[in-house]
Amino acid sequence: MEQKMEIENGLDICVKVANILKEAFPNELMKIDKNTILPYSKQHSRLIPLNGIGYAKYITKSHRIVIKQKILSERKLLRTKIQNQSDRVMLDGNFALVELMCHELAHHRTTGHAKSFKIKYKKFLNHMVSIIFSGGLNQ
């Protein structure tokens, strides 16, 4: 029961980040509704095989993001730095979910992890960092 609450709380954070970014960059993101960001479950296995998902996955056809439940509850990510693929950094806590959402949302209308993705991702992440520093994420 506690894990289910953690998953729901993590999902709420992800949706909040998506809504903040949609408000700031309305023409750069898809519509955000109750089915845009989903915890991965067996019902989604038709859409995406389990081996096809790392922490989360942006599904281009349906413009949805599916996130592993373990990530939503544990909030730990090992990421490579955008400038140097050999450097890794561990993200922990709510900021891990913020970064994850910036990453997945940056895939909308970009290809892979090419230059346009990196520019969009960096813009989204910088915006969310400024929101966090101003205390806006807790409202």
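So, here is what we can say about the structure in this document. Because the structure is predicted, anything quoted here is derived from the model rather than measured.

### Focus on the packing of helix H3 (residues 94-106) against helix H4 (residues 115-133)
Logical step 1: As a packed pair, H3 and H4 sit with axes 8 Å apart at the nearest point and diverge in direction by 145 degrees. Between H3 and H4 lies a crossing of right-handed hand. Residues Phe95, Val98, Glu99, Cys102, His103, Leu105 and Ala106 of H3 lie in contact with H4, whose contacting residues are Phe117, Lys120, Tyr121, Phe124, Leu125, Met128, Val129 and Ile132.
Logical step 2: For the contact of H3 with H4, the class distribution of residues is 12 nonpolar, one polar and two charged.

### Re the side chain of Arg75
Logical step 1: Tracing the sequence through the fold places Arg75 in the loop between helix H2 (69-74) and strand S4 (76-80).
Logical step 2: Given a relative accessible area of 8%, Arg75 falls into the buried group.
Logical step 3: Only 3.2 Å separates the side chain of Arg75 from the backbone oxygen of Leu72, close enough to count as a polar contact.
Logical step 4: Sequence-distant contacts of Arg75, defined by excluding residues within four places in its chain, comprise Glu6, Asn9, Gly10, Ile13, Lys70, Leu91, Asp92, Gly93, Asn94, Ala96 and Leu97.

### Quick look at the sheet that holds strand S1 (residues 37-39)
Logical step 1: Taken together, three strands build an open sheet; the order of strands is S1-S3-S2 and the sheet is mixed. Bordering the open sheet on either side are S1 and strand S2 (56-59), each of which pairs with just one other strand. Here the average twist between neighbouring strands, direction ignored, is 20 degrees.
Logical step 2: Judged from the four bridges that link them, S2 and strand S3 (residues 64-67) form a sheet pairing that is antiparallel. Paired with Tyr58 across the strands is Ile65, a residue of S3.
Logical step 3: With respect to the sheet, helix H1 (residues 2-24) is in contact with S1 and S3, its orientation differing from that of S1 by roughly 165 degrees.
Logical step 4: On top of the sheet, H3 reaches S1, S2 and S3; it is set at about 140 degrees to S3, its chief contact.

### Remarks on the pattern of salt bridges
Logical step 1: Applying the stated criterion across every chain, the model contains four salt bridges.
Logical step 2: For Arg79, the salt bridge is made with Glu99, and the minimal N-O distance between the two is 2.8 Å. Of the two residues, Arg79 sits in strand S4 while Glu99 sits in helix H3, which places them 20 residues apart along the sequence.
Logical step 3: For Glu99, a relative accessible area of 4% gives the class buried.

### What to know about H4
Logical step 1: Along its 19 residues, H4 runs 27 Å from first to last C-alpha, staying within 8% of the 27 Å computed at 1.5 Å per residue.
Logical step 2: Those residues of H4 that sit buried are Phe117, Lys120, Tyr121, Phe124, Leu125, Met128 and Ile131. Each buried residue of H4 lies within a common arc of 130 degrees when the element is viewed along its axis, so the set occupies one face. Projecting away from the buried face of H4 at angles above 90 degrees are the exposed residues Lys115, Ile119 and Phe133.
Logical step 3: For H4, the secondary structure elements touched by its buried residues are H1 and H3.

Parameters at a glance
Residues numbered from 1 in each chain as written. Predicted model: local features only at pLDDT ≥ 70, side-chain atom pairs only at ≥ 80, totals over all residues. Heavy atoms only, no water. Axes fitted to C-alpha atoms, helices over the stretch in contact; angles between N-to-C directions. Helix = DSSP H or I, 4+ residues; strand = E, 2+ residues; numbered from the N terminus. Left-handed = near helix turned anticlockwise from the far one by under 90°. Contact = heavy atoms within 4.5 Å. Nonpolar A, V, L, I, M, F, W, Y, C, P; charged D, E, K, R; others polar. Buried < 20%, exposed > 50% of the residue type's maximum accessible area, 1.4 Å probe, protein only. Polar contact = N/O pair within 3.5 Å; in protein donor to acceptor, adjacent residues only side chain to side chain. Pairing = 2+ DSSP bridges. Salt bridge = Lys/Arg side-chain N within 4 Å of Asp/Glu carboxyl O. Expected span 1.5 Å × (residues − 1). Arc of directions from axis to C-beta.

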